[in-house]
Amino acid sequence: MQTFGADAEKAEMNRSFLFVPADSERKMKKAGDAGADALILDLEDSVTPEVRAEARLMASAYLRGKQNVWVRINPLESEDCSADLEAVIPSAPTGIVLPKARSADDAGALSRRIDELEQRHGIEQGQTRIIVLCTERPEALFTLGGYVGVTERLLALSWGAEDLSAAIGASATRDEQGSWLPTFEMARSLCLLAAAAAEVTAIDTVFTDFRDTEGLLRYAEGARRHGFSGMLAIHPAQVAVINTAFEPSTAEIEHAERIVDLFDANPGAGTIGLDGKMIDRPHLAQAKRLLERAKQIRNNK
Ligand code: COA
Ligand code: MG
C-alpha cells in the first residue's frame, strides 16, 4: 500500500501538498513518486465541467487504500459539490479541501454534509478532515475570526490569490520583484492569523512559476519563518524544494536546544541572555515547538 506521509492528525508534519488534476491518469500515476507528504486530487479549477464526472470516478478509484490523499471539491453552493462528495466520501479520503469558502459557516455546513455521508457509508464519524481555502472571496476576508471551534474536522487553513484577484479585478498579484501586492499579502497574513486563532495549521498557497525552483526555495523559507507549516505545490519538481524549506535546519535545532537547556538550567528565570540577545518565555515556547516539529518530521521519514 502506498502511503503519503503519516497520519494526517499530525498535521504539522505535512510540509508539501501536491495538487493533481483528477482528470489526468498520467499525473495521478506520477504523483505517488513525487515525495509529497500529501496529495490533493483536484475536481475544481484544473478540471473542466465536461470531464468532471469522469474525474470523480477516477478520484474515487485512486483513493482506495491510500493515506494522506485529499480531494478538492467544488464550492459548497455549487451543484457539483454534492456529486463530488457522494463520489469520493465512500473511498474514505483523508479529507476534503473546500475552495471559495464564503465564511466559516461553509466549513460547518460541509462538516454536516460529511456527517451524513460517513454514516451512510459506514465510515468512522469525524474521520474525514477539512482544509479550507479561506481567502478566495472578498467577503470571506471580513469573517476570518469565525473558524475558532467551527468543526473538529478542521485541520488547516490555506489561501489563494488567483480567485481573489479575479473577484476584485486586479490584473496582478505580485510586483516586479515577485513580492505579493498589499491586498494579497494581507490575505496571506489574515489566513495565518485565522489559523492560529482556530488552533489549526496554516498552509501557504501555490507558487505558480513552477520552473523557478530557486525562487520557490526563497519563498518557501520565508513562508516558514512567517509561521506557515507547509505549502501547496502544483508540480512534482516543487515538492523536494518545499520539503527542504519547511524542515527545521540543524542550526535552528541546535539553537532551540540551547534555549531549552538554558531555561532548564535556570528554572526560576523569566528572561535570560543568549549570545547577547534577550530570550524570554515566548522564545522558549517557540523553541519547544520547533523541536517537536523536527522530531515529528524525523519520525515520519
Ligand atoms: N502531479 C503529477 N504529475 C505531474 C504534475 C502534477 N501536479 N504536474 C506535472 N506532472 C507530470 C507531467 O505529467 C509530466 O509527466 P510526463 O513526462 O510523464 O508527461 C511531468 O510531470 C513533467 O511535467 P511538465 O511537462 O514539466 O509540466 P506540464 O506542462 O505537463 O504541466 C501543469 C504543467 C502546471 C499543467 C501541471 O504541473 C499541473 O497540472 N499542475 C497542477 C495544476 C492544478 O492542480 N491546479 C489546481 C491548483 S492551483
Ligand atoms: Mg481556484
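Structure's up top.
I will try to describe carefully the structure that is included in this document.

Calculation notes
- Residues numbered from 1 in each chain as written.
- Chains lettered and ligands numbered in written order.
- Predicted model: local features only at pLDDT ≥ 70, side-chain atom pairs only at ≥ 80, totals over all residues.
- Heavy atoms only, no water.
- Near = heavy atom within 4 Å.
- Polar contact = N/O pair within 3.5 Å; in protein donor to acceptor, adjacent residues only side chain to side chain.
- Areas by Shrake-Rupley, 256 points an atom, 1.4 Å probe, with all protein chains shown as cover.
- 1 Å grid on protein atoms, 1.4 Å probe; cavity = no way out; pocket = protein on both sides within 12 Å on 5 of 7 lines; lining within 4 Å.
- Sits in = over half its atoms within 2 Å of the grid points.
- Helix = DSSP H or I, 4+ residues; strand = E, 2+ residues; numbered from the N terminus.
- Nonpolar A, V, L, I, M, F, W, Y, C, P; charged D, E, K, R; others polar.
- Donors = N, O, S within 2.8 Å, 3.2 Å for Na, K, Ca; no water.
- Buried < 20%, exposed > 50% of the residue type's maximum accessible area, 1.4 Å probe, protein only.
- Pairing = 2+ DSSP bridges.
- Axes fitted to C-alpha atoms, helices over the stretch in contact; angles between N-to-C directions.
- Parallel < 35°, antiparallel > 145°, perpendicular 65-115°, else oblique.
- Contact = heavy atoms within 4.5 Å.
- Points joined across faces, edges and corners; volume = space filled by probe spheres on them.

1. Remarks on the site of ligand 1
Here is step 1: As a structural note, the neighbourhood of ligand 1 is formed by 14 residues, with F19, R26, K27, I234 and H235 the closest of them.
Here is step 2: The backbone of I234 places a nitrogen or oxygen atom 2.7 Å from a nitrogen atom of ligand 1.
Here is step 3: A distance of 2.7 Å separates an oxygen atom of ligand 1 from a polar side-chain atom of H235.
Here is step 4: Contact with the protein chains removes 67% of the 890 Å² of surface that ligand 1 exposes when unbound.
Here is step 5: Of all the cavities here, the one that holds ligand 1 is the largest pocket.
Here is step 6: Within the residue set of the shell around ligand 1, elements represented by two or more residues are β1 (16-21) and α1 (25-31).
Here is step 7: A class-by-class count of the residues in the shell around ligand 1 yields 6 nonpolar, 2 polar and 6 charged.

2. Notes on the coordination of the magnesium ion (ligand 2)
Ideal geometry at a metal centre gives angles of 109.5 degrees when four donors are arranged tetrahedrally and 90 or 180 degrees when six donors are arranged octahedrally.
Here is step 1: For the magnesium ion (ligand 2), every protein donor is listed as D45 (OD) and D163 (OD), and the spread of their distances is 1.9 to 2.0 Å. Taken together, the residues span a long stretch of sequence, with D45 in the loop between β2 (38-42) and α2 (52-63) and D163 in helix α5 (residues 162-168) at a distance of 118 residues.
Here is step 2: Since its relative accessible area comes to 48%, D45 is described here as partly exposed.

3. Regarding the pairing of strand β10 (residues 277-280)
Here is step 1: Across 4 bridges, strand β9 (residues 271-274) lies against β10 in antiparallel orientation. Each residue of the ladder has a partner; that of I272, found in β10, is I279.
Here is step 2: The turn linking β9 back onto β10 is made up of 2 residues, and D275 within it adopts a positive phi angle of 50°.

4. Brief notes about the packing of helix α6 (residues 182-197) against helix α7 (residues 213-226)
Here is step 1: Between α6 and α7, whose axes approach to 11 Å, the crossing angle comes to 45°. Judged by the inter-axis angle, α6 sits oblique to α7. In this structure, α6 uses E185, R188 and L192 to contact α7, whose residues at the interface are Y219, A223 and H226.
Here is step 2: Of the residues assigned to the contact of α6 with α7, the class counts are 3 nonpolar, 1 polar and 2 charged.

5. Re the environment of V71
Here is step 1: Examined against the element boundaries, V71 turns out to sit in strand β3 (residues 69-72).
Here is step 2: Using a relative accessible area of 0% as the deciding quantity, one classes V71 as buried.
Here is step 3: Separated by 13 residues in sequence, V71 and D84 place their C-alpha atoms 8.9 Å apart.

6. So, the layout of surface pockets
Here is step 1: Of the pockets and cavities examined, the largest pocket occupies roughly 920 Å³.
Here is step 2: Around the largest pocket, the lining comprises 41 residues; the ones closest to its centre are V206, F207, T208, D209 and I234.
Here is step 3: Listed by contribution, the elements that provide at least two residues to the lining of the largest pocket are β1, α1, α5, α6 and α7.
Here is step 4: Here the lining of the largest pocket is composed, by residue class, of 16 nonpolar, 10 polar and 15 charged.
Here is step 5: As a volume, the second largest pocket reaches approximately 490 Å³.

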